[in-house]
Amino acid sequence: MLKTLRDRGIRHMLNANQSVSRVAQVLEVSLKSGSAKVRVLLNGEAEPVDISFNYAFEGKTVSVTGVKTNREWLNGLAELFKDKYSSIDISKYGAFAQIAGYFL
């Protein structure tokens, strides 16, 4: 029950974030210790994209590795940006950083 509430809460927070809502709607979030699965509907697309990745939360930094999607071209894009976005400082996201620290 708590896992379901946590995942729904994270989905709601992501959809409320302007950076996310400009490009996609998060349909599902499922977190397990160190890994996540997310289903998003990209704006202008008819079918959702499934994304899986590993994460580590250290202080106010989230490290993301092993990003895989069900779309080959998105896997290629993830590979291009893996170094730039492998560590994300979430402190600039205010309340989101505090809540993420609690959930992750």
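Cut-offs and rules
Residues numbered from 1 in each chain as written. Predicted model: local features only at pLDDT ≥ 70, side-chain atom pairs only at ≥ 80, totals over all residues. Heavy atoms only, no water. Pairing = 2+ DSSP bridges. Helix = DSSP H or I, 4+ residues; strand = E, 2+ residues; numbered from the N terminus. Salt bridge = Lys/Arg side-chain N within 4 Å of Asp/Glu carboxyl O.

Tell me about the pairing of strand E3 (residues 49–58), residues and numbers included.
Relative to E3, strand E2 (residues 35–42) is paired through six bridges, and the arrangement is antiparallel. The residue of E3 that forms the bridge with Ser 35 is Asn 54. Between E2 and E3, which pair antiparallel in sequence order, lie six residues; one of them, Gly 44, sits at a positive phi of approximately 90°. The pairing of E3 with strand E4 (residues 61–69) spans seven bridges and is classified as antiparallel. If you follow Ala 56 over to E4, its bridge partner there is Ser 63. Once E3 ends, the chain turns through two residues before running back antiparallel as E4, passing Gly 59 with a positive phi of about 65°.

Talk me through the pattern of salt bridges; I want residue IDs and the actual numbers.
A full pass over the atoms with the stated rule returns three salt bridges. Across the salt bridge formed by Arg 39 and Asp 50, the nearest N and O atoms sit 2.6 Å from each other. Residue Arg 39 is located in strand E2, and its partner Asp 50 is located in strand E3; the two are separated by eleven residues in the primary sequence. The partner of Lys 82 in a salt bridge is Glu 79, and the shortest N-O contact between them spans 2.9 Å. You can see Lys 82 and its partner Glu 79 sitting in helix H3 (residues 72–85), three residues apart, about one turn around the helix.

In short, geometric facts, not functional conclusions.
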